[in-house]
Amino acid sequence: MTPALVCERLVKRYGDKTVVDRVGFHIDEGEAYGLLGPNGAGKTTTISMLVGLLRPDEGTVRVGGIDVGEDPVAAKRLIGYVPQEIALYPELTARENLRYFGRLYGLPRRELTSRIGEVLDLVGLTDRGDDKVGTYSGGMKRRTNIAVALLHRPRLLILDEPTVGVDPQSRVAILDRVEALVGEGMSLLYTSHYMEEVERVCTRVGIIDRGRVVADGTKRELVAELGGTDRVELTLDGDVTAAAEKLRAVEGVSESVVTGSSSIRLLVAGGRHLLPALLAAIGDAGAVTGVEVVEPDLEAAFLHLTGSTLRD
Amino acid sequence: MRPRPLTALVLANLQRQLRDKVGMFFIVVMPFVTILFVGMALGGDAADAKLPVAVVADTSDPVSAAVVAELESDKALQVRRAESAQEVRDDVRRGELAAGLVVTPGDTDLELVMTQTSGSGMAARSEIDVAVGRVAAVLEATRAARAAGASPEQAEQYVRKAKEESVAVTVASTGGDEPSRPTGFAYTAPANLLLFTFVNSMAVAAALVESRRIGMVRRSLAAPVRRSQVLLGEALSRFAVALAQSLLIIVVSRLLFDVRWGDPLGVGVVVALFCLIATGAAMLVGALVRSPQQAPAIGPPVGIVLGMLGGCLWPREVAGETLGTIGYLFPHSWAMDALLTLSRPSAGLGSVLVETGVLAGMAVVVLGVAMVVFQRRALATV
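Residues numbered from 1 in each chain as written. Chains lettered and ligands numbered in written order. Predicted model: local features only at pLDDT ≥ 70, side-chain atom pairs only at ≥ 80, totals over all residues. Heavy atoms only, no water.

- Going by what an unreviewed UniProt entry lists, chain B is known as ABC-2 type transport system permease protein and is assigned to Lentzea albida.

- For chain A, an unreviewed UniProt entry supplies the name ABC-2 type transport system ATP-binding protein and the organism Lentzea albida.

What follows is the structure, given as structure tokens:
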């Protein structure tokens, strides 16, 4: 079967700076793939090249077997793209916005009205479809943004941070919807700041850092790379930066990063046995008020691979 | 599935325009308020209102008497006699008179009193010119007859006969002209058409800036369409608004103020070319400006200054030669000349070929530059 998406050795440079450096991965038909990376890692630039908005300096992208560089119009027809920003006319209603995109994608006139009804129903906005988008909450705007991408029945759905600025209720609704679409056989590329969203929705994950894909595999494969390394979350009152510095020097600690004004995350080989040594190392730098040792997970794998947390 | 990007963009943009209440006020209401007030100030319906004129003359002198008689027979003027040149000057300065004429017996130079800046003064001057010209023609003809050997009585007889014939001719021609006599609105309607079409085109560019800012242009380009189609769709949307603005002013001014625009083909071509230039200007603003608030802040001042130079706010003669010449660097002056020429009864597209050519050239240049800039600034860096 033709893969839904294959990209190979994608490169994008701005002046001397290489923003995307030989990025390559593939998504099989019906597979949900997550792209994880810290801010500025090159996720959005990569996606811009995948959807045909940006021409790569090197490398190729194939969507459903069609080369995006050679026949962008045919390739774009297969993609449902949900950008990070809310790309909707605020002075028009959801229905009017959908009608605009329906014409843009060339949906037959006869079919358009009923299809708009379907996608509005799909994102749960049937009764607000005739209100101006400018009056919507953040979550409703996001859902409309997704409805636009589904309008022309794409084979591959690309969601770039679809839950940013969304209330918890809408977030659950969006994730449920995306899961259901994948269950129905839709291929998916999903990027997010939220590890738990990617863990829930995606079967395979690529980790991108400083423009490169540093790891690619199922959640189990990525976590296995950590071996016996545990994740330790420390909460303390005091100078977290100094404490993190001291902890890094302890033997067995492979990563030590500040995750908040009073929290530190560590990757520790044989975590539970090293706890006394860790607490001793902090010394005067702060008073530890909480310790949690977590079995290896995606969050730990991410820290191991990139040396940073997702949300910094 | 055949994408319909042009239909999609034009319909969505028109829908957005109709929802913009302030924008619609400036497109639908403002032009007519301006045409009404400026039109009334410039003399409104000149067929009703006569231009007040005063004459200082000694009617015992036959030449002076002839001039006064000619002026009094002019239907456009309301003539009164004044005692002194000083009195006339004072009244003209106060605006009570459109113009004044001082005739000194025996002197062939007549003194015309008027202010430089008044439209009614200009109108009165042309009427006085005609009257004095007639008297001069009679004197010249009499002298010619005498020189050819006729006695004074014979000469007078010949000239009176010739004059009667010429009067017959004149009556016939002015009689035919009467319904299309230009009113104050004949000037302000085309002037405001150009002014508002241009200013509003620049102001609606705000919607284009907004489309860029919220990522709408970028998102539209992710659809199975070509860049050139999105560019064309955006340009076509602005052109439709400009054309709608112009048509609205033409139709309403015709119905409300009885403005005769002239040859439909000529007016259509001139207005369409001007709308293309306005579209180019709008696309330039749309590509260069960063925030949607900047477009309405930049557009109208630029549009108003160009309108001033082009004679859209007051007749260009008033502004003086230097400003008038500068005005010809911009489309308003050329379009204004073309529309005023076309409003004459027998004028057609052939009478405004030069103006049309210049406007077409400007349209090509402005649109060309705007397309390149928009392509680089708004489409390439998505």
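Still to come is the rest of the account.
## Some remarks on the overall build of chain A
Part 1 of the reasoning: Helices and strands together make up the secondary structure of chain A, namely 11 helices and 14 strands.
Part 2 of the reasoning: The principal-axis extent of the C-alpha atoms belonging to chain A is close to 70 × 40 × 40 Å.
Part 3 of the reasoning: Taken over 312 residues, chain A has a buried fraction of 54%.
Part 4 of the reasoning: A separation threshold of at least 6 residues defines the contact pool for chain A, and within that pool the share at least 24 residues apart is 70%.
Part 5 of the reasoning: Only carbon and sulfur atoms are counted for the fraction: they give 48% of the accessible area of chain A, which is about 12,800 Å².
Part 6 of the reasoning: Separation of charge centres in chain A, based on 37 positive and 46 negative side chains, amounts to 7 Å. (Helix = DSSP H or I, 4+ residues; strand = E, 2+ residues; numbered from the N terminus. Buried < 20%, exposed > 50% of the residue type's maximum accessible area, 1.4 Å probe, protein only. Contact = heavy atoms within 4.5 Å. Areas by Shrake-Rupley, 256 points an atom, 1.4 Å probe, with all protein chains shown as cover. Lys, Arg positive; Asp, Glu negative; His and termini not counted. Charge placed at Lys NZ, Arg CZ, Asp CG, Glu CD.)

## Re the interface of chain B and chain A
Part 1 of the reasoning: The interface is formed by 30 residues belonging to chain B together with 33 residues belonging to chain A.
Part 2 of the reasoning: Between chain B and chain A, roughly 3,100 Å² of surface is buried when both sides are summed, and carbon and sulfur atoms account for 58% of that area.
Part 3 of the reasoning: Counting the surface chain B buries against chain A, the share from its top three residues, M1, R4 and R219 of chain B, is 25%.
Part 4 of the reasoning: In this assembly, chain B and chain A are joined by three salt bridges. (Buried area = accessible area lost by both parts, 1.4 Å probe. Salt bridge = Lys/Arg side-chain N within 4 Å of Asp/Glu carboxyl O.)

## Some remarks on helix α9 (residues 240-248) of chain A
Residue and element names in this part refer to chain A.
Part 1 of the reasoning: Among the residues making up α9, those that are buried are V240, A243, A244 and L247. With its buried residues spanning 100 degrees around the axis, α9 presents them on a single face.
Part 2 of the reasoning: The inward-facing, buried residues of α9 abut β11 (229-238), β12 (253-260), β13 (263-269) and α10 (271-282). (Arc of directions from axis to C-beta.)

## So, the packing of helix α5 (residues 138-150) of chain A against helix α6 (residues 168-183) of chain A
Residues and elements named next belong to chain A.
Part 1 of the reasoning: Running from N to C, α5 and α6 point in directions that differ by 20 degrees, and their axes come no closer than 9 Å. Classified by the angle between their axes, α5 and α6 sit roughly parallel to one another. Seen from above, α5 lies across α6 with left-handed handedness. Together, G139, M140, R142, R143, I146 and L150 of α5 and S170, I174 and L181 of α6 make up the contact between the two elements.
Part 2 of the reasoning: Considered class by class, the residues forming the contact of α5 with α6 number five nonpolar, two polar and two charged. (Axes fitted to C-alpha atoms, helices over the stretch in contact; angles between N-to-C directions. Parallel < 35°, antiparallel > 145°, perpendicular 65-115°, else oblique. Left-handed = near helix turned anticlockwise from the far one by under 90°. Nonpolar A, V, L, I, M, F, W, Y, C, P; charged D, E, K, R; others polar.)

## Some remarks on the layout of surface pockets
To find leftover empty space, a probe the size of one water molecule is rolled over the atoms.
All names here are of chain B.
Part 1 of the reasoning: Within this model, the second largest pocket holds a volume of roughly 650 Å³.
Part 2 of the reasoning: Counting only elements with at least two residues in the lining of the second largest pocket, the list comes to α1 (5-19), α2 (21-28), α8 (184-213), α10 (227-257) and α12 (294-309).
Part 3 of the reasoning: It is α8 that provides the largest number of residues to the lining of the second largest pocket, a total of nine residues.
Part 4 of the reasoning: The residue inventory of the lining of the second largest pocket, partitioned by class, reads 17 nonpolar, six polar and seven charged. (1 Å grid on protein atoms, 1.4 Å probe; cavity = no way out; pocket = protein on both sides within 12 Å on 5 of 7 lines; lining within 4 Å. Points joined across faces, edges and corners; volume = space filled by probe spheres on them.)

## Quick word on the sheet that holds strand β4 (residues 111-113) of chain B
Residue and element names in this part refer to chain B.
Part 1 of the reasoning: One open sheet accounts for four strands, arranged β2-β1-β3-β4; its pairing is mixed. Among the strands making up the open sheet, the edge pair consists of β2 (77-81) and β4. Averaged over all pairs of adjacent strands, the angle between their axes in this sheet comes to 25 degrees, without regard to strand direction.
Part 2 of the reasoning: Looking at chain direction, strand β3 (residues 99-102) and β4 are connected through three bridges and run antiparallel. (Pairing = 2+ DSSP bridges.)

## Quick look at the packing of aromatic side chains
Part 1 of the reasoning: Enumeration over the complete set of coordinates arrives at six aromatic pairs over all chains.
Part 2 of the reasoning: Seen from their ring centres, Y100 of chain A and F101 of chain A are 4.9 Å apart, and the 70 degrees between their planes marks the pair as edge-to-face. Summarising the burial analysis for this pair, Y100 of chain A and F101 of chain A share the class buried.
Part 3 of the reasoning: On the numbers, 5.0 Å between centres and 75 degrees between planes, the contact of Y328 of chain B with W334 of chain B is edge-to-face.
Part 4 of the reasoning: Ring pairs connect the aromatic residues Y89, Y100 and F101 of chain A, which therefore count as one cluster.
Part 5 of the reasoning: Against the face of Y194 of chain A rests R171 of chain A, its NZ or CZ located 4.2 Å from the ring centre. (Phe/Tyr/Trp six-rings, centres within 6.5 Å; stacked < 30°, edge-to-face > 60°. Lys NZ or Arg CZ within 6 Å of the ring centre and 35° of its normal.)

## Some points on the pairing of strand β4 (residues 58-63) of chain A
Residues and elements named next belong to chain A.
Part 1 of the reasoning: Taken together, the five bridges between strand β1 (residues 5-14) and β4 define a ladder with antiparallel strand orientation. Opposite C7, over in β4, you have V61 as the bridge partner.
Part 2 of the reasoning: Relative to strand β5 (residues 66-67), β4 runs antiparallel, the two being bridged by two bridges. Residue V63 lies in a different strand from β5, and its bridge partner there is I66.
Part 3 of the reasoning: The turn joining β4 and β5, which pair antiparallel and follow one another in sequence, is formed by two residues; a positive phi near 55 degrees is taken by G64.

## What about the domain arrangement of chain B?
Part 1 of the reasoning: Split into domains, chain B comes out as domain 1 (5-42 + 183-379) and domain 2 (51-180).
Part 2 of the reasoning: The centre of domain 1 of chain B, based on its C-alpha atoms, is set 43 Å off from the matching centre of domain 2 of chain B. (Domains from an automatic or database assignment.)

## A few points about the sheet that holds strand β14 (residues 286-294) of chain A
Residues and elements named next belong to chain A.
Part 1 of the reasoning: Spatial ordering of the open sheet is given by β12-β13-β11-β14, a layout of four strands whose pairing is antiparallel. Each edge of the open sheet is held by one strand with a lone partner, namely β12 and β14. Sheet twist, expressed as the average angle between the axes of neighbouring strands with direction ignored, equals 25 degrees.
Part 2 of the reasoning: When β11 meets β13, the two strands line up antiparallel, connected through seven bridges. Residue pairing for β13: R231 is matched across the bridge by L267.
Part 3 of the reasoning: Relative to the sheet, α10 contacts β11, β12, β13 and β14, its axis offset from that of β14 by approximately 165 degrees.
Part 4 of the reasoning: Each of β11, β12 and β13 touches helix α11 (residues 298-306); the most contacted strand, β13, lies at about 85 degrees to it.

## Some details on a nonpolar patch on the surface
All names here are of chain B.
Part 1 of the reasoning: On the surface, a nonpolar cluster with roughly 770 Å² of combined accessible area is contributed by V22, F25, F26, V28, V29, V33, L36, F37 and M40.
Part 2 of the reasoning: Among the secondary structure elements, those contributing two or more residues to the nonpolar patch are α2 and α3 (30-41).
Part 3 of the reasoning: Relative to the helices and strands, M40 resides in helix α3. (Patch = residues over 30% accessible without salt bridge, like charges linked within 9 Å, V, L, I, M, F, W, Y side chains within 5 Å.)

## Brief notes about the UniProt feature "domain: ABC transporter" (unreviewed entry) in chain A
Part 1 of the reasoning: Residues annotated by UniProt as "domain: ABC transporter" (unreviewed entry) correspond here to residues 5-235 of chain A.
Part 2 of the reasoning: Annotation note: span residues 5-235 of chain A, helix share 35%, strand share 29%, distance between end C-alpha atoms 42 Å. (UniProt positions renumbered as here; feature names shortened; annotations may be inferred.)

## Thoughts on the UniProt feature "transmembrane region" (unreviewed entry) in chain B
All names here are of chain B.
Part 1 of the reasoning: The feature "transmembrane region" (unreviewed entry), as given by UniProt, occupies residues 21-42, 189-209, 230-253, 265-285, 297-316 and 352-374 in the numbering adopted here.
Part 2 of the reasoning: The distance from the first to the last C-alpha atom of residues 265-285 is 30 Å, and the span holds 100% helix and 0% strand.
Part 3 of the reasoning: In residues 352-374, the share of helix is 96% and the share of strand is 0%. The end C-alpha atoms are 32 Å apart.

## A closer look at the side chain of D21 of chain A
Residues and elements named next belong to chain A.
Part 1 of the reasoning: Among the secondary structure elements, D21 is positioned in strand β2 (residues 17-27).
Part 2 of the reasoning: Within the local environment of D21, its side chain forms a polar contact with the side chain of R22, the two groups lying 3.1 Å apart.
Part 3 of the reasoning: Contact partners of D21, with chain neighbours within four places excluded, come to L10, G211 and R212. (Polar contact = N/O pair within 3.5 Å; in protein donor to acceptor, adjacent residues only side chain to side chain.)

## Things to note about the nonpolar core
Part 1 of the reasoning: Core analysis: the largest hydrophobic core is formed by 96 residues, its most contacted members being F25, V63, Y100, L157, L188, L189 and Y190 of chain A.
Part 2 of the reasoning: Aside from chain neighbours lying at most four places away, what touches F25 of chain A is L5, V6, C7, Y33, L35, T46, L50, L189 and D216 of chain A.
Part 3 of the reasoning: The next biggest cluster of nonpolar side chains, apart from the first, holds 48 residues, and it includes C275, I277, C312 and W334 of chain B. (Core = buried A, V, L, I, M, F, W, Y, C linked by side-chain atoms within 4.5 Å.)

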